[in-house]
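Spelled out, the chains give:
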Amino acid sequence: MLHAPDSDAADAYRTLRAWLQFTHRERSLPSLLVTSPSSRKTQGAVTANLGIALAQSGLRAIVVDADLREPGLHGLLGAPPAPGLSELLASAGDWRPYAIKTGVKGLDLLPAGSLDPGALDAPESAAGRDPLGLLSSARLPWLIRQLEAHYDAVLIQGPPALGPADAFVLAAQVSAVALVIESGSTLVRRALQALALLRNAQTPVLGAILTQARASAAGAGVDLHLGGDGGPAAEA
């Protein structure tokens, strides 16, 4: 989005932004969890670029890195990895000091933070060492409601759905879910397993985002395709 604003990929993210705004015509977009069946390869880029597209449209947006096991949004947005979500969930403090302004006007980042109990702003505890324990705390729904009240759009980068229960816990607390499918990489069976698991959280799955559908030999292309809750498309 930033380095090639006239590219097909940038147009695809603007299309995705328009689709989200059309689907949710109220002023504020829902808190949206971005996850994938099992691969993190393109998921972080989708979250970061969608956040940029939303901010460039004039919305106040925040991207939250809730992939506490393998965080990566801070690197994509040129921000420090900590302190962030881990420290915030393990403390009793306000969320605002943990939100970082990015180089994009209107876009903030809440990085994942550190899982090292010694680095947390709270006494060492089992929850402080365990990502699932942190995400299962009562602080998470409180935080999401706070962010929804402050920002026009809240994008949450989650871990893959077909792994530890982190993504399921996150899905149960957000307003909607988008599933990232990698063309030529994600198996249909895995995509459908992830979809079924996420539906069990009783949160609407808005659709699938199909990436790398027309990737060039140089790796320049990313193509996004939107599908309804009825089922994502993927290539075996």
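Just so we're clear, the structure is a prediction, and the values are computed from it rather than from any experiment. (Residues numbered from 1 in each chain as written. Predicted model: local features only at pLDDT ≥ 70, side-chain atom pairs only at ≥ 80, totals over all residues. Heavy atoms only, no water.)

Asks: Explain the packing of aromatic side chains residue by residue, including any values.
Replies: For the structure on display, the rule yields one aromatic pair. Taken together, a centroid distance of 5.9 Å and an interplanar angle of 55° make the contact between W95 and Y151 tilted. Of this pair, W95 sits in the loop between helix 4 (85-89) and strand 3 (100-101) while Y151 is found in the loop between helix 7 (139-150) and strand 5 (153-157), placing the two residues 56 residues apart along the sequence. Note on W95: relative accessible area 3%, which makes it buried. Overall, the relative accessible area of 5% leaves Y151 in the buried class. (Phe/Tyr/Trp six-rings, centres within 6.5 Å; stacked < 30°, edge-to-face > 60°. Helix = DSSP H or I, 4+ residues; strand = E, 2+ residues; numbered from the N terminus. Buried < 20%, exposed > 50% of the residue type's maximum accessible area, 1.4 Å probe, protein only.)

Asks: Quick rundown of the environment of L179? Include the residues and the values.
Replies: Mapping L179 onto the fold places it in strand 6 (residues 176-182). Taking the C-alpha atoms as reference, L179 lies 5.2 Å from T35; in sequence the two are 144 residues apart.

Asks: Provide a residue-level description of the sheet that holds strand 4 (residues 107-110), including the pertinent values.
Replies: Taking strand neighbours across the sheet as the criterion, the seven strands line up as 3-4-2-5-1-6-7 in an open arrangement whose pairing is mixed. Across the chains shown, the open sheet's two edge strands, defined by having one partner strand only, are strand 3 and strand 7 (205-211). Pairing geometry for strand 3 and strand 4, over two bridges, is antiparallel. Looking at the pairing, I100 lines up with L109 of strand 4. Each of strand 1 (31-35), strand 2 (61-65), strand 4, strand 5, strand 6 and strand 7 is contacted by helix 2 (residues 43-56), which is oriented at about 170° to strand 5, the strand it contacts most. (Pairing = 2+ DSSP bridges. Contact = heavy atoms within 4.5 Å. Axes fitted to C-alpha atoms, helices over the stretch in contact; angles between N-to-C directions.)

Asks: Help me get a handle on unusual backbone geometry, residues and values and all.
Replies: Cis geometry marks the peptide bond from A82 to P83; its omega dihedral reads 0°. Secondary-structure assignment places P83 in the loop between helix 3 (73-76) and helix 4.

Asks: Any chance you could break down the nonpolar core for me, citing the residues and the numbers?
Replies: Here is a general trend for soluble globular proteins: nonpolar side chains tend to be buried in one another's company. The biggest cluster of nonpolar side chains holds 38 residues, and the ones touching the most others in it are L85, L110, L143, L147 and I156. With near-sequence residues (within four places) excluded, L143 lies in contact with L85, L88, L89, W95 and L110. Core analysis: the second largest hydrophobic core is formed by 28 residues, V46, A53, L206 and I209 among them. (Core = buried A, V, L, I, M, F, W, Y, C linked by side-chain atoms within 4.5 Å.)

Asks: Describe the confidence of the model for the chain, with residues and values.
Replies: The predicted model of the chain has a mean per-residue pLDDT of 82, with 76% of residues at 70 or higher. Contacts from residues 119-128, a stretch scored under 50 in pLDDT, to residues over four places away or in other chains number 20 contacts. With pLDDT under 50 throughout, residues 215-227 is counted as low confidence; its partners more than four residues away or in other chains account for 31 contacts. (pLDDT = per-residue confidence, 0-100.)

Asks: If you had to explain helix 9 (residues 188-199) to someone new, which residues and values would you point to?
Replies: Compared with the 16 Å implied by 1.5 Å per residue over twelve residues, the 16 Å span of helix 9 between its first and last C-alpha is a close match. Within the sequence span of helix 9, burial applies to A191, A194, L195 and L198. The arc that holds the buried residues of helix 9, viewed along the axis, is 100°, so those residues lie on one side. Buried residues along helix 9 sit in contact with strand 1, helix 8 (166-171), strand 6 and strand 7. (Expected span 1.5 Å × (residues − 1). Arc of directions from axis to C-beta.)

Asks: I'd like a description of the pairing of strand 2, backed by residues and values.
Replies: Of all five residues making up strand 2, five are buried, and the element is well covered by its neighbours. Residues A61, V63 and D65 line one face of strand 2 and the alternating positions I62 and V64 line the opposite face, and both faces are buried. For strand 2 and strand 4, the ladder comprises four bridges, and the chain directions are parallel. Residue pairing across strands places V63 opposite L109, the latter belonging to strand 4. Two strands pair when backbone bridges link them, and strand 2 and strand 5 are joined in this way by five bridges, in the parallel orientation.

Asks: Help me get a handle on the pattern of salt bridges, residues and values and all.
Replies: The final tally for this structure, using the stated rule, is six salt bridges. A salt bridge links R40 to E70; the shortest N-O distance between them is 3.4 Å. Of the two residues, R40 is situated in the loop between strand 1 and helix 2 and E70 in the loop between strand 2 and helix 3; the sequence distance between them amounts to 30 residues. For E148, the salt bridge is made with R145, and the minimal N-O distance between the two is 2.8 Å. Placement of the pair is E148 and R145 together in helix 7, with a separation of three residues, close to one helical turn. Of the residues examined, E148 reaches a relative accessible area of 23% and is grouped as partly exposed. (Salt bridge = Lys/Arg side-chain N within 4 Å of Asp/Glu carboxyl O.)

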